[in-house]
Amino acid sequence: MRALLIAILLCAACAVHAQTYELGVFLGGSNTIGDVGSERYINPNELAVGGIGKWNLSDRYSYRVSVIYSELSGDDADASSTARNQRNYRFTNKALEVSLGMEFNFVEFNLHDFRHPFTPYLHGGVSVLMHDNLYYNAPGTAALADGRKSTVAFPMTVGVKGKVGQHFVLGAEVGARYALTDNLDGSNPGDQAGSNFERFGNLYSDDWYVFTGVTLTYTFIRKPCYSCYE
């Protein structure tokens, strides 16, 4: 019994030391999918920057946390719809996202083994988005901000990543976020004191926003203790 307990403790210790941590940056662009601006789903029109961290639990799964800042924007002049062109609304929304989720690799991605140097991956989770509360007070104008609000969003990301040397991982991804608000573009505001606000567009469909870009992470590798499993 004592030998079994010692073996279990050793394996647990080796499993902890086998974990690989990653810290790095995200650089890319952002766009919204809503009632103002272009109707394209992937159309980066503003810079998006942030930081990213991962805790690799295995060759397939990783916990992932990120913080990304961008100015979400849209302009009816960029839309293909004549009605939007004539309406001529535009907006800019300062947005900060904090996200926590899980990443899944389609191919076993062992950072200690270069037999599989790259893999496609999926990522999902939950985010908190802090953004401006926008509204319009006249046709053909830019949206105005009335304070800040927070909302929950759900990221869904697809990407591909590969090893660059022994300590770096370079990735490219597209991540769509479904936000639990219909007012990232100012189309469905709350009551604004003293303003002639209006609600327009599809009031029964919440907004989406998209981050498209590259990630570069540095890996803190601790080689696994294979003797624990022999």
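Going by the structure above, here's the rest.
Throughout this description, residue numbers start from 1 for each chain and increase along the sequence as written. Restriction of local features to residues with pLDDT of at least 70 applies here, the model being predicted, together with a cutoff of 80 or more for giving and counting side-chain atom pairs; totals for whole chains, interfaces and linings are based on all residues. The side-chain values count all of the structure's non-hydrogen atoms but skip hydrogen atoms and water molecules.

Participant: Looking at this structure, how should I read empty space enclosed by the protein?
Facilitator: Left-over empty space is what a probe sized like a water molecule reveals as it rolls over the atoms. As defined here, a cavity is a set of points on a 1 Å grid over the protein atoms alone where a 1.4 Å probe fits but cannot get out. A pocket is an open set with protein on both sides within 12 Å along at least five of seven lines, and residues line them when an atom is within 4 Å of a point. Grid points are joined across faces, edges and corners, and a volume is the space filled by probe spheres set on the points. All told, the structure shown has two cavities of 30 Å³ or more when counted by the stated rule. In this structure, the largest cavity spans a volume of roughly 70 Å³. Considering the residues around the largest cavity, the lining is formed by N31, T32, V36, G37, S38, R40, N43, N45, S73, G74, D75 and D78. When contributions to the lining of the largest cavity are tallied by element, the ones reaching two or more residues are β1 (20–33) and β3 (61–75). Under the convention adopted here, Pro, Cys and the residues Ala, Val, Leu, Ile, Met, Phe, Trp and Tyr are nonpolar, Asp, Glu, Lys and Arg are charged, and Gly plus all remaining residues are polar. Of the residues that constitute the lining of the largest cavity, the class distribution is one nonpolar, eight polar and three charged. Approximately 40 Å³ is the volume found for the second largest cavity. L111, K163, G165, Q166 and F168 are, among the 10 residues lining the second largest cavity, the residues nearest its centre. Per the convention used, a helix needs a DSSP run of H or I reaching at least four residues, while a strand needs a run of E reaching at least two, with both numbered from the N terminus.

Participant: Got a minute to help me understand the pairing of β3 in this structure?
Facilitator: Residues in a regular strand project their side chains so that they alternate between the two faces of the sheet. Relative to β3, strand β2 (residues 46–56) is paired through nine bridges, and the arrangement is antiparallel. Looking across to β3, one finds that K54 is bridged to R64. Two strands qualify as a pair provided that DSSP identifies no fewer than 2 bridges between them. Remark: four residues form the turn of the hairpin made by β2 and β3, two consecutive strands paired antiparallel. Pairing geometry for β3 and strand β4 (residues 90–105), over 15 bridges, is antiparallel. Within the sheet, the bridge partner assigned to D75 lies in β4 and is R90.

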